[in-house]
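Report on the structure
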Amino acid sequence: MLLNKTPLDWVEIEAPSGVRLRLPVIDPEIGDHWAKCGIVKDAGDDPDITHGAKICATVRFSNERGVTIQGGKGVGIVTKPGLAVSVGEHAINPTPREMILREVSNLLQNDQGVEVTITVPEGEELAEKTFNPRLGVIGGISILGTTGIVEPKSIDAYKTSLSLQLDIVKASGGKKVFLVLGYVGERYCKKVLGLSDDSVIKIGDHVGFMLEQCAKKKIEEVLLIGHIGKLVKVANGQFNTHIRFGDRRIETIAHHARRCGASGEIIEAILKETTAEATITLLRENGLMKVFDDIAREVVLRIENLVEGRLRIHCNILSLDGEVLGSHSGVEDKHE
């Protein structure tokens, strides 16, 4: 709209997942050196607090070549370490940033520059209903996303589709499955383990359900891979990792650190952190990375109790960057 001075009713973009989307544009405005419009967030059936929120972008010509991205009203600012965005920056995560850069850069001439400002008119009010303040994201919501598509991770239909994926594995003669809790684990399986899409099942929050389904369908071996923030909940006996079922991530990490010989001073420092990711640096600096192996061991023990020993379990705990922080394998052969 800025380049052509013509309002648009629709825009077509490519989501990070590769899906092309044709989306209705709302409230288009064009000024002398700027253009602005919005998109209404559609979360489908997922219980997402931002469903129906208006997400806006304002684009202005800039003297600096290329694309500059910043947040405005309703987009939070990161004030604590441990998140995917640096302290002091607006909470626009790497994947949305890459998406904006790609789409906007494709429209610019080599010598052109623009500044993109993302705003959420109701963002400050919405943020109060989220865990953003506790995570140190102040003044608005976070612009998140890994695929551009909201997946219905919390509904029965999604659980049914997960179970069907196990049937496909069984039908092809498979006895081993790779279960990942989200994008971090999925990326690790593809890039590090070299697995194909159909070899990996992304299970969202439904850890206990899927493990019980694996045992029921006589899968023999499960490799469970995910971010520390999710798997530490399993170590605490929480088999649905959605926030509404509890959140004792930091307390659980502190408990395992104490088991591994951490001093009272280190335990106190851990308990002051607000994210599981933020504890990694602290534990690494104090020679306590074995804490993550201990957490992985507890995950395996919890699962073995849940499925009454009917599965061989392996657990890999990852950081946001895909580093294997800790791992553990259960009994090698449950039939001995």
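Residues numbered from 1 in each chain as written. Predicted model: local features only at pLDDT ≥ 70, side-chain atom pairs only at ≥ 80, totals over all residues. Heavy atoms only, no water.

1. So, the environment of Lys202
Looking at the secondary structure, you find Lys202 in strand β13 (residues 200-202). Placed 24 residues apart in sequence, Lys202 and Phe178 show a C-alpha to C-alpha distance of 8.6 Å. At 3.4 Å, the side chain of Lys202 forms a polar contact with the side chain of Glu186. (Helix = DSSP H or I, 4+ residues; strand = E, 2+ residues; numbered from the N terminus. Polar contact = N/O pair within 3.5 Å; in protein donor to acceptor, adjacent residues only side chain to side chain.)

2. Regarding the pattern of salt bridges
Per the counting criterion, the structure on display carries 17 salt bridges. For Lys175, the salt bridge goes to Glu220, with nearest N and O atoms at 4.0 Å. Here Glu220 lies in the loop between α6 (207-216) and β14 (221-227) and Lys175 lies in the loop between α4 (156-171) and β12 (176-180), a separation of 45 residues in the sequence. One salt-bridge network, in which partners are shared between bridges, spans Arg259, Asp294, Glu298 and Arg302. (Salt bridge = Lys/Arg side-chain N within 4 Å of Asp/Glu carboxyl O.)

3. As for helix α11 (residues 290-306)
The terminal C-alpha atoms of α11 lie 25 Å apart, and with 17 residues this matches the ideal 24 Å at 1.5 Å per residue to within 8%. Regarding α11, the residues found buried are Val291, Phe292, Asp294, Ile295, Ala296, Glu298, Val299, Val300, Ile303 and Glu304. (Expected span 1.5 Å × (residues − 1). Buried < 20%, exposed > 50% of the residue type's maximum accessible area, 1.4 Å probe, protein only.)

4. Describing a nonpolar patch on the surface
A contiguous nonpolar patch, built from Leu3, Phe61 and Leu107 and spanning about 290 Å² of accessible area, is present on the exposed surface. When you line up the elements, Phe61 lands in strand β5 (residues 54-61). (Patch = residues over 30% accessible without salt bridge, like charges linked within 9 Å, V, L, I, M, F, W, Y side chains within 5 Å. Areas by Shrake-Rupley, 256 points an atom, 1.4 Å probe, with all protein chains shown as cover.)

5. Focus on the packing of helix α8 (residues 249-259) against α11
Packed helices, taken two at a time, are described by the angle their axes make and the gap between the axes. At a minimum axis separation of 9 Å, α8 and α11 run at an interaxial angle of 110°. Looking at the two axes, α8 sits roughly perpendicular to α11. The crossing of α8 and α11 is right-handed. Between α8 and α11, the contacting residues are Ile253, His256, Ala257 and Arg259 on the first element and Val291, Asp294, Ile295, Arg297 and Glu298 on the second. Counted by class, the contact of α8 with α11 contains 4 nonpolar, 1 polar and 4 charged residues. (Axes fitted to C-alpha atoms, helices over the stretch in contact; angles between N-to-C directions. Parallel < 35°, antiparallel > 145°, perpendicular 65-115°, else oblique. Left-handed = near helix turned anticlockwise from the far one by under 90°. Contact = heavy atoms within 4.5 Å. Nonpolar A, V, L, I, M, F, W, Y, C, P; charged D, E, K, R; others polar.)

6. Observations regarding the sheet that holds strand β6 (residues 66-71)
The strand order across the open sheet built from 5 strands is β3-β4-β5-β9-β6, with neighbouring strands paired in mixed fashion. In this open sheet, the two strands that pair with only one neighbour each are β3 (26-30) and β6. Averaged over all adjacent pairs, the angle separating strand axes in this sheet is 15°, with direction ignored. Note: β5 against strand β9 (residues 113-119), 6 bridges, orientation antiparallel. Of the residues in β9, the one forming a bridge with Val59 is Val116. Taken strand by strand, helix α1 (residues 94-105) contacts β6 and β9, and its axis lies near 140° from that of β6. (Pairing = 2+ DSSP bridges.)

7. Some thoughts on the nonpolar core
Ranked by internal contacts, the top residues of the largest apolar core, which has 50 residues, are Leu179, Ile228 and Ile295. A per-element tally of this core places α11 first, with 7 residues. Counting 20 residues, the second-largest nonpolar core is a separate cluster that includes Leu2, Ala35, Ala53 and Val116. (Core = buried A, V, L, I, M, F, W, Y, C linked by side-chain atoms within 4.5 Å.)

8. With respect to unusual backbone geometry
For Lys5, which is not glycine, the phi torsion reads 55° and is therefore positive. Structurally, Lys5 can be placed in the segment before β1 (10-14). The class for Lys5 is partly exposed, based on a relative accessible area of 40%. Non-glycine residue Glu308 carries a positive phi angle of around 55°. Tracing the sequence through the fold places Glu308 in the loop between α11 and β15 (312-318). Given a relative accessible area of 66%, Glu308 falls into the exposed group.

9. Some remarks on the state of the cysteines
What makes a disulfide is a covalent bond joining the sulfur atoms belonging to two cysteines. Counted under the stated rule, the structure contains 0 disulfides. Sulfur of Cys56: no disulfide; nearest cysteine sulfur belongs to Cys37 and is 7.7 Å away. The thiol sulfur of Cys315 is not disulfide-bonded, and the nearest other cysteine sulfur, from Cys189, lies at 12 Å. (Disulfide = S-S within 2.5 Å.)

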